Each structure stands twice: as structure tokens, then as C-alpha cells.
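# Observations on chain architecture
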Amino acid sequence: ERVGRDPKSLYFIAPVTTAPDFSELETRAMVAARIVIGVQLPGLGTRLIEGNKWDRDIVEQVRNHPQFANMNRALIDLSFQRGGLLGPAELIPERWMRHSAAIGSSEEVVQKLQRYLDAGANEVDLYGSTPQQTARVIELWRQRKPARAG
């Protein structure tokens, strides 16, 4: 509406990182490591921080983690796999992970995905987890009784 477009004329796909039924370590590697990568990216990192209202002091601690000394921040995702980012990922608060991803039991993940549709997304795109890791989520998603089509 701010830019003169009818919101109903837009089609929104919500890309959602999922970590269903993962251990705490697997969840941190899947979700917090992605946040570590995201906050490093020029342009996009700033948008993520501002859009999520993340604490800039924590972000700076992540960005200045000794693991990244003398590195080009934009290359972190090319230099490390998610499991290799667990050190800086430990600095990411759990509330950031819960706010920006669908984590927990498969049932909790389905509930979180449904909230994206309830908020106006037309679709959700499961991101991060493999088809095998999300098989239970897909099964539960198909069984749900959505409040609206989606």
C-alpha cells in the first residue's frame, strides 16, 4: 500500500528454514549458522538485522568472531559449511532462531509454517532441511485443516 500497490495483487512465498525434530546441536548448525552467514552479507545482512530488530551488539560480536579474522565477510558461506560455524553460532540467541525459523517437533514446525499462511503468505518454501528430514512435517502438513487455502 505504501508504494501504491494492492497487496492482494502480490503473491508471497515465505522461505522458511526448518529444523524438525533436530537435536539442539543440529538445530544450531541449521539455523544459527545460517543467521551467522546472513548477517555477514553486504546489504542483505543489514536488512535482516533491521527487519528482525536484532541487537547490533550481538551482531557485531558475531561479525568480529576470531574465526573470521582477516576474512572477507561476503565469503564466509564459501569458506565454511554450517557445522564449521558452530563457534560463532553459539552467540546467536535462541529467540532469534525461534523467531526466524520453524524449529522444534514436527508438530511445532507445522504450526509455525501455518502462521506464515495466516499472516498472508500464499505459500511456504521449506528451506535447509532435506526431504528425509522433513518427511514427518510434510505428512502432518497434508493432514492439517488449514484456516484458509494455501
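About the criteria used
Along each chain, residues carry numbers from 1 onward, in the same order as the chain's sequence is written. Where totals are concerned, whole chains, interfaces and linings use all residues; where local detail is concerned, this predicted model gives features only for residues with pLDDT of at least 70, and gives and counts side-chain atom pairs only at 80 or more. In computing side-chain properties, one takes all heavy atoms of the structure into account and sets aside hydrogens as well as water. Within this scheme, the nonpolar core is defined by two criteria: the residues are buried Ala, Val, Leu, Ile, Met, Phe, Trp, Tyr or Cys, and they are joined through side-chain atoms within 4.5 Å. Working definition: with a 1.4 Å probe on protein chains only, accessible area under 20% of the residue-type maximum means buried, over 50% means exposed, and in between means partly exposed. Runs of H or I in DSSP of at least four residues are treated as helices and runs of E of at least two as strands, each being numbered from the N terminus. Residue contacts are defined here by distance: any two heavy atoms, one from each residue, within 4.5 Å place the two residues in contact. A pair of strands is treated as paired once DSSP finds two or more bridges between them. Interaxial angles span 0 to 180 degrees and are taken between N-to-C directions of axes, which are lines fitted to C-alpha atoms, for helices over the stretch in contact. Scored between 0 and 100, pLDDT is the confidence that the predictor attaches to each residue. Aromatic rings from Phe, Tyr and Trp, taking only the six-membered ring of Trp, are treated as a pair when their centres fall within 6.5 Å; an angle between ring planes under 30 degrees marks them as stacked, one over 60 as edge-to-face, and anything in between as tilted.

## A few points about the nonpolar core
The biggest cluster of nonpolar side chains holds 24 residues, and the ones touching the most others in it are V31, I35 and I92. Looking at this core, the elements that each hand over two or more residues are helix 1 (24-40), helix 3 (56-63), helix 6 (94-100) and strand 2 (101-104). The biggest single contributor to this core is helix 1, with eight residues. Apart from the residues lying within four places of it in its own chain, the contact partners of I35 are W54, I92, W96, M97 and S100. V16, V110, V124 and W141 belong to the second-largest nonpolar core, a separate cluster that totals 12 residues.

## Focus on the sheet that holds strand 1 (residues 13-20)
Across the sheet, which stays open at both edges, the three strands sit in the order 2-1-3 with parallel pairing between neighbours. The outermost strands of the open sheet, each flanked by one partner alone, are strand 2 and strand 3 (123-127). Here the average twist between neighbouring strands, direction ignored, is 30 degrees. Running over the sheet, helix 7 (residues 106-118) touches strand 1, strand 2 and strand 3 and is turned about 155 degrees from strand 2.

## A few points about the environment of H99
Counting through the fold element by element, H99 comes out in helix 6. C-alpha separation for the pair H99 and I35, spaced 64 residues apart in sequence, amounts to 11 Å. With near-sequence residues (within four places) excluded, H99 lies in contact with N52, K112 and Y116.

## Here we look at the confidence of the model for the chain
Detailed conclusions should not be drawn from predicted coordinates in areas where pLDDT is low. On average, the chain scores 90 in pLDDT, and the residues at 70 or more come to 95%. Highest mean pLDDT in the chain belongs to strand 2 (97); lowest belongs to helix 4 (residues 76-79) (82).

## Observations regarding the packing of aromatic side chains
The full count for this structure, using the stated rule, is two aromatic pairs. Ring geometry for W54 against W96: centres 4.8 Å apart, planes inclined by 10 degrees, an arrangement best described as stacked. In this pair, W54 sits in the loop between helix 2 (44-52) and helix 3 while W96 sits in helix 6, placing the two residues 42 residues apart along the sequence. On the basis of relative accessible area, W96 is assigned to the buried category, the value being 4%. Ring geometry for F68 versus F80: centroids 6.0 Å apart, planes at 70 degrees, classification edge-to-face.

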